[in-house]
Amino acid sequence: MNGRIADSALGRRQLVLLIAVVASLAGLVVGLSANKAIWEGWVTDRLFQIRASFFQQGPPASSPVAVVGLDQLSLDSERLSRIPRVLMTPVMAEAGQAVLDAGATALGFDFVFAYSADSFVDPSTGEARLSGFDRPFQSFAYRNRGKVFIAHTEIGVPHRSFTAAIGAGGVRSVIVSTDNDGIVRKHTPQLPLAESPHLIDALLSAAGADISEAFVSIPPSRLATSLPYMSLIDVLDLSQSEEGRARLKEFSAGRIVLFGGLLPFEDEHLYSDRFLPHDTDDAVETGPGGRPRVQPQTAGVFILADVIGAALSDRFAVAPPPGVLTALSVVFAIAGAVAGLFFPLMILPVIAVVGVAAGLGLSMAGLETGILLAPGVAPVSCVMAMVTAAVGKVSILQRRQRSLVRLFGHYLAPDVIRHMATSEELPELGGDTRHVVVAFIDIVGFTKMSEKLADRDVVRVVNACFDRIGQTITKHQGYIDKYIGDAIMAVWNAPNTVDNPEQAAVDAAHEIIGSLDEIKQITGEAELDLRIALNAGPVLVGDIGGEHRRSFTVMGTTVNTASRVESVAKDKKVRLALSQSVADGLPTRYPLEEIWTGQLRGLSTKISVFTLDVPKIYMEKTKKDVPAEKGRQNSNLVEFPR
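The model shown is predicted, which means the values in this text are computed figures rather than measured ones.

## Notes on the pattern of salt bridges
For the coordinates displayed, the defined rule picks out 17 salt bridges. Note that aspartate 273 and arginine 222 form a salt bridge whose closest N and O atoms lie 3.2 Å from each other. Pair noted here: aspartate 273 is in the loop between strand E9 (268-269) and strand E10 (298-299) and arginine 222 is in the loop between strand E6 (215-217) and helix H8 (223-226), with a separation of 51 residues, a long-range link. Considered together, aspartate 273 and arginine 222 belong to a single accessibility category, that of buried residues.

## A short note on the nonpolar core
Counting 56 residues, the largest nonpolar core has Leu534 and Leu578 as its most contacted members. Sequence-distant contacts of leucine 578, that is, excluding residues within four places in its chain, are made with Val506, Leu534, Val565, Ala583, Leu586, Leu592, Ser608, Val609, Phe610 and Thr611. Of all hydrophobic cores here, the second largest spans 39 residues; its members include Ala66, Ala93, Phe109 and Met230.

## Brief notes about the packing of aromatic side chains
A full pass over the atoms with the stated rule returns 13 aromatic pairs. Aromatic side chains phenylalanine 109 and phenylalanine 140 sit 6.3 Å apart centroid to centroid with 90° between the ring planes, which places their arrangement in the edge-to-face category. Taken together, the residues span a long stretch of sequence, with phenylalanine 109 in strand E2 (residues 106-110) and phenylalanine 140 in helix H5 (residues 135-143) at a distance of 31 residues. The exposure class assigned to phenylalanine 109 is buried, which follows from its relative accessible area of 0%.

## Comments concerning the packing of helix H7 (residues 199-206) against helix H11 (residues 300-312)
One can describe the packing of H7 onto H11 by two numbers: an axis separation of 10 Å at closest approach and a directional angle of 40°. Classified by the angle between their axes, H7 and H11 sit oblique to one another. Here the hand of the crossing between H7 and H11 comes out right-handed. Side by side, H7 and H11 meet where Leu199, Ile200, Leu203 and Leu204 of the first sit next to Leu304, Val307, Ile308, Ala311 and Leu312 of the second.

## A word on the sheet that holds E6
In spatial order, the strands read E5-E6-E11; together these 3 strands make up an open sheet with antiparallel pairing. Pairing within the sheet leaves two strands with one partner each, and these edge strands are strand E5 (186-187) and strand E11 (316-317). Bridge count for E5 against E6 is 2 bridges, and the pairing is antiparallel. Bridging across to E6, lysine 186 finds its partner in valine 216.

## Here's the deal with the environment of leucine 204
Relative to the assigned elements, leucine 204 resides in helix H7. With 98 residues separating them along the chain, leucine 204 and alanine 106 place their C-alpha atoms 9.4 Å apart. Beyond its immediate stretch of four places on either side in the chain, leucine 204 contacts Leu193, Ala209, Ile211, Ile308, Ala311 and Leu312.

## What to know about a nonpolar patch on the surface
On the surface, Val330, Ile334, Val338, Phe342, Phe343, Met346, Ile347, Val350 and Val354 cluster together into a nonpolar patch covering about 850 Å² of accessible area. Where the nonpolar patch is concerned, the elements lending two or more residues are helix H12 (324-342) and helix H13 (348-368). With 4 residues, the single largest contributor to the nonpolar patch is H12. Mapped onto the fold, phenylalanine 342 is located in helix H12. Overall, the relative accessible area of 54% leaves phenylalanine 342 in the exposed class.

## Comments concerning the packing of H12 against H13
H13 packs onto H12 with a crossing angle of 165° between their chain directions and a minimal axis gap of 11 Å. The orientation of H12 with respect to H13, classified from their angle, is roughly antiparallel. The interaxial crossing formed by H12 with H13 has right-handed handedness. On H13, the residues that touch Leu328, Phe332, Ala339 and Gly340 of H12 are Leu348, Ile351, Gly355, Ala358, Gly359 and Leu362. Of the residues belonging to the contact of H12 with H13, the class tally is 7 nonpolar, 3 polar and no charged.

## Side note on the confidence of the model for the protein chain
Averaged over all residues, the pLDDT of the protein chain equals 87, while 87% of them reach at least 70. Confidence drops under a pLDDT of 50 for residues 1-9, and excluding neighbours within four residues, the segment shows 23 contacts in the predicted structure. Note that pLDDT drops below 50 for residues 622-639; the model gives that stretch 25 contacts with residues more than four away or on any other chain.

## Some remarks on H5
Those residues of H5 that fall on the buried side of the exposure criterion are Phe137, Gln138, Phe140 and Ala141. When H5 is viewed along its axis, its buried side chains cluster within an angular range of 160° and face the same direction. Exposed side of H5, more than 90 degrees from the buried face: Arg135, Tyr142 and Arg143 are the residues found there. Contacts from the buried residues of H5 go to helix H4 (89-101), E2, strand E3 (148-152) and helix H6 (160-166).

Rules of the game
Residues numbered from 1 in each chain as written. Predicted model: local features only at pLDDT ≥ 70, side-chain atom pairs only at ≥ 80, totals over all residues. Heavy atoms only, no water. Salt bridge = Lys/Arg side-chain N within 4 Å of Asp/Glu carboxyl O. Helix = DSSP H or I, 4+ residues; strand = E, 2+ residues; numbered from the N terminus. Buried < 20%, exposed > 50% of the residue type's maximum accessible area, 1.4 Å probe, protein only. Core = buried A, V, L, I, M, F, W, Y, C linked by side-chain atoms within 4.5 Å. Contact = heavy atoms within 4.5 Å. Phe/Tyr/Trp six-rings, centres within 6.5 Å; stacked < 30°, edge-to-face > 60°. Axes fitted to C-alpha atoms, helices over the stretch in contact; angles between N-to-C directions. Parallel < 35°, antiparallel > 145°, perpendicular 65-115°, else oblique. Left-handed = near helix turned anticlockwise from the far one by under 90°. Pairing = 2+ DSSP bridges. Patch = residues over 30% accessible without salt bridge, like charges linked within 9 Å, V, L, I, M, F, W, Y side chains within 5 Å. Areas by Shrake-Rupley, 256 points an atom, 1.4 Å probe, with all protein chains shown as cover. Nonpolar A, V, L, I, M, F, W, Y, C, P; charged D, E, K, R; others polar. pLDDT = per-residue confidence, 0-100. Arc of directions from axis to C-beta.

Printed below as a string of structure tokens:
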């Protein structure tokens, strides 16, 4: 029986285990490959959004970093509107010194001072009319070496006069690295921080920070609305009065202050704050001039400020210890494989959603503890393992189960089929010896009835009779082996397993005989009667036939003996006859009567034949009362259900 479950080299348990292992490995491999996938950053940013929108309580914490911006308000002011941006070094020196005098810890200029006004000459006369123009900034940088830092980029470096004034350690890189999706998220410090080429590390060192591993900032809200901010013109104006200097002190004291450009489309990057909510104006520190309009992308100076502020306030997450992601992937892959194997296909989408939510929930919990669990690993491991296991179940296990249903669906009860399909507990169909009960159920008087009925009526009667009998057989876990003319051959304990096949067979026979009046009414044949013979013993259970047609059946002396027992039933005019082997397997409450002992035709040994001592079993209406005690009968036994 090629392709059928009983001939498979692997049993169900081995197949389930194999599918589970394959599915778990698939989930593990694909899940771990999701780490640093191009879409994973988007999920991380959405987690930041959920965290900020639903789990972040209370007003925003005070930031250790503030920003002073060269924004449009400053450029349009009366004082600065006439000054080209390249000639603003004296203004920067004035504002920077005011901030330092107000108590700032350190300053960072996110400007590349690439040109010095001192070197400009009148093109018509060659006169250096701006000689000494940059001296205020140079003096400012020199006086505050170690506290003031200026920027360089990939394509821009400060003029040598500024580099000389501030010293080699005062020029640091403001280049930020992006993930593979082009979004800025992570910063990797270079140790020692004081000697790092990055402006971020230099300012962290100046603030006394101690951080040594790569980290991802967790912004609380959109940076343009949450960081302490003042326009450059606000700083210049406030520094001119005592009251203004007091306010400037509130803004700067104990903080790192970053100066940078905030004009639209200049030095902007995509950052992980892009989905975050906006803080209200009254919730954060803002200068008198207000804030510039929030742009789709984030200004570079805000990003620098957020990364530094995150490191100083423990508002960041680092990668988990080695092996954590692998362990997490294994757990979710196994869970997904189990779900795919043992849950109905219709609810797997719901379980997949639950698995994804659980994985993202763990990542969210990790953020609260400062651990960035790659949010794609656990969900992808779970879903991939679930899909692989479900495909394996449908393509292998359920295909095998459907084969069982097709093979035995017309012969066994639906619940028995379901049990067999689930457990796949079958003998090898190529041949196996099992203890069974064989029944022959014959329509009495069929030949005489067929002589007086039309052919189609004979078929109708037989079908109606067999349908009712078949229902009872399958109800009691029996298997209809074959139809032999006007008789049925049924088997208990093959191919399915029956705990007590003798009792199940006798109960079925008793119920069939009890339904005889109903069968007569259905068929319209008042003279119709039944005769049932039962025998128990070992048989060869197998799939018999050739390559083109096969049949599941049982063979052996037990079958032949059952057919011979039917002749005893006929001679003794009883509707049920059962052999000694069946009687020995029955509980003592069954009222048995021995009706014959001898050697059946074709057999070499004597056997005893019994019947149930209940009135409906006897065909003769004038049958006398049975003696109180005979054979295994006992007057004190519980009466067999009638």
